[in-house]
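# Observations on the model geometry
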Amino acid sequence: MTDEPVLRCSRDGLVETLLGGYDGSSSWSVVLPGLRGSDEQQMVEFHEGLHHELQVTSPYGLVTALAASLARRGFRVNGLSELFIDLVQESTQVHETFATALSTELVGEARARELLAGNAEYLGHLDRAHALVAAGEGGREVRRHVGATARAAVLRAVMAPRGVIEVVEQGFGRVDCDSIVESWTPDWRLTAFERHHDREAWLGLLTSLGEEFADDPADSAVAVQEEVLWRCYAFVTNTLDAAGSPTIGKGEQVGFAEALRDAVGAVDEELAGRLNIVVERRPVLDDALDYDRQRLRLRERLPAASVEPDVTLGVLKLFHNKGLNDSVHVCGVWLSRRVADKQFDFAPGTRLPELLAALMTPIRFGGEETLLFGSLPAGASPREAQRLLGEASLLVLTTHLTLRDPECLALLRTVAPVFVLMDLPIAWHVEDWLRQGAAVSMCLVPLDGIEDLDLQVLVIGIDRFPGMRFVHVGAQIGSTLLIDRLRGLHGDRLAIDPELVRGHGVALNHVLSHVLGAWHVLDQDGVE
């Protein structure tokens, strides 16, 4: 089963431009080259995250996502992969309506419609969402906050058909595409609600909720939203019951989650052990990794070629990069073979060592940009590489996954600074370092000069690795959520230290330039 997006966000035109995508179970991508400025970036980033939020907080979505997860882990690969695709296809309209409507609230409807101009598909999703709470002929207006919550309630309710209970009872060892019944699929249920609900009664509920909760103070906003959500959810449930498609009720959510976890545990105990029941908020199952799921896709993998150490030594000046005041630096990478294969497109038959220690530079070859990796002698340390380079300064770049190799860690601990691109879950590792008694500090700074996009650079320092700077490049929303979570969990134990950046600002800028100019994707998934 591939990790290709099954829900794709694109812009219409002579050539379709991919802006983002969600794989249906575990991660989403934001495709930076296709984005036109900050507003579109934030809307796409939020849109893709909303796909995941709906998937993992709804009964139908959870069954869909877990079918994919089990298939990726090798259980009934063909059968569950086919089931996953069918389940996604029967919920695509609901997903896109939900993600489009809620993401446009981030920039405002007027600005969203400007960005969607000419995009008939997504304007259609937006119009469909707004029609769910449109005012009737009597002209009664629905308050904005009630309308937004009511739309979400409709779309969440249609993702909670009682039919998935039968799927769970059948078990992941036997369920297949024939188990799907059209009348409990979300897209069918949304159409059924649109056709059969009592419009006057629905509008009456929404206007009365607007009057009841018109003047609530800001600190009760969450409680008000929950009350509005579940009262609207009950209305949708009654409508769908009458249409012959019953819904899992509010009080049944936790029981369903427990049954689903048991069904997963019957075929994969390790995966089931990662699913935690949460009763304090709408997500009923949560594996605590949501902040680590976003990927920034910079480009397709660039063609790459490697040369042997004897060739490298003969062309060292080819790797020189000129900076301010005629300074010269060379980018040296220490990368796991799996990381190199994930990020770069080496020619078929290229045999890379388990630890690729090389100098890296872009060259023009055969009319296209190619990344040249000049291999260093086996076991070469940064100090030895610096001696070979003479006066040209060596930038040392590696990744977090690569550092799990004890050989690499031993080589790189002897020099400073070493820049470690974080490609493993950040929140988990920060918590683990603090749990072990390490002193951890961080600094978040904006990344300027990237075509009006809003990117952030998070730099983390750890006292146990004083020469290393752990670096993460993220989009604005994902970075903000990550920082909020880290501060919320750890408070003053996680110090803010601007010197992490100031001390090596020039070198950090060079490193970021090399990464953003060469890498395929920035994520926290290792080599998945």
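Here goes a summary of the coordinates provided. Everything numeric in this text was worked out from a predicted model, so none of it was measured.

This part is about the overall build of the chain. Helix and strand counts for the chain come out as 21 helices and 19 strands. For 528 residues, the compact-globule estimate of 2.2 N^0.38 gives 24 Å, and the chain sits close to it at 26 Å. Oriented by its inertia axes, the alpha-carbon framework of the chain measures out at about 80 × 55 × 50 Å. Counting all 528 residues of the chain, 54% fall into the buried class. For the chain, contacts bridging at least 24 residues in sequence account for 70% of all contacts bridging at least 6. Where the 48 positive side-chain charges of the chain centre and where its 77 negative ones centre are 4 Å apart.

This part covers the pattern of salt bridges. All told, the structure shown has 25 salt bridges when counted by the stated rule. Ionic pairing is found between Arg-231 and Glu-227, a salt bridge with its closest N-O pair at 3.2 Å. With Arg-231 and Glu-227 both in helix H11 (residues 221–242) and 4 residues apart, the pair spans about one turn of that helix. Looking at Arg-231, the relative accessible area reads 29%, which means it is partly exposed. Among the residues examined, Glu-227 registers a relative accessible area of 36% and is labelled partly exposed.

With mixed pairing, the 5 strands of this open sheet are ordered in space as S1-S2-S3-S6-S19. Two strands close off the open sheet at either side, each with one partner strand: strand S1 (7–11) and strand S19 (521–522). Contacts from helix H1 (residues 38–56) reach S1, strand S2 (17–22), strand S3 (28–31) and strand S6 (294–297) within the one sheet, and its direction differs from that of S2 by about 30 degrees.

With 16 residues, helix H4 (residues 92–107) ought to run about 22 Å at 1.5 Å a step, and its terminal C-alpha atoms sit 23 Å apart, in line with that. The buried fraction of H4 amounts to 12 of the 16 residues, a majority that puts the element mostly inside the structure. Looking only at H4, the buried set comprises Val-94, His-95, Glu-96, Thr-97, Phe-98, Ala-99, Thr-100, Ala-101, Leu-102, Ser-103, Thr-104 and Val-107. Taken from the residues just after H4, Gly-108 is the one with a positive phi, measuring 95 degrees.

This part is about the packing of H1 against helix H19 (residues 476–490). Where H1 meets H19, the closest approach of the two axes is 8 Å, and the angle between their N-to-C directions is 60 degrees. It follows that H1 is oblique to H19 by the angle criterion. Each of Gln-41, Gln-42, Glu-45 and Phe-46 in H1 lies in contact with H19, whose residues at this interface are Gln-476, Ile-477 and Gly-478. Split into classes, the residues belonging to the contact of H1 with H19 amount to 2 nonpolar, 4 polar and 1 charged.

Before going further, it helps to examine the nonpolar core. Membership of the largest hydrophobic core comes to 71 residues, with the highest contact counts inside it found for Phe-172, Trp-202 and Cys-232. Per-element accounting of this core gives the leading share, 9 residues, to H11. Core analysis: the second largest hydrophobic core is formed by 57 residues, Cys-9, Ala-304, Val-459 and Ala-518 among them.

Regular strands place side chains that alternate from one sheet face to the opposite one. Judged by which residues are buried, strand S14 (residues 418–421) turns out to be covered on both faces: Val-418 and Val-420 on one side and Phe-419 and Leu-421 on the other are all buried. In this structure, strand S13 (residues 393–399) lies alongside S14, joined through 3 bridges in parallel fashion. Across the sheet, Leu-397 pairs through a bridge with Phe-419, a residue of S14. In this sheet, strand S17 (residues 468–475) lies alongside S14 in parallel orientation, the contact comprising 4 bridges. Residue pairing in the sheet places Phe-419 in a bridge with Arg-469 of S17.

Conventions we followed
Residues numbered from 1 in each chain as written. Predicted model: local features only at pLDDT ≥ 70, side-chain atom pairs only at ≥ 80, totals over all residues. Heavy atoms only, no water. Helix = DSSP H or I, 4+ residues; strand = E, 2+ residues; numbered from the N terminus. Rg over C-alpha atoms; globule rule 2.2 N^0.38 Å. Buried < 20%, exposed > 50% of the residue type's maximum accessible area, 1.4 Å probe, protein only. Contact = heavy atoms within 4.5 Å. Lys, Arg positive; Asp, Glu negative; His and termini not counted. Charge placed at Lys NZ, Arg CZ, Asp CG, Glu CD. Salt bridge = Lys/Arg side-chain N within 4 Å of Asp/Glu carboxyl O. Pairing = 2+ DSSP bridges. Axes fitted to C-alpha atoms, helices over the stretch in contact; angles between N-to-C directions. Expected span 1.5 Å × (residues − 1). Parallel < 35°, antiparallel > 145°, perpendicular 65-115°, else oblique. Nonpolar A, V, L, I, M, F, W, Y, C, P; charged D, E, K, R; others polar. Core = buried A, V, L, I, M, F, W, Y, C linked by side-chain atoms within 4.5 Å.

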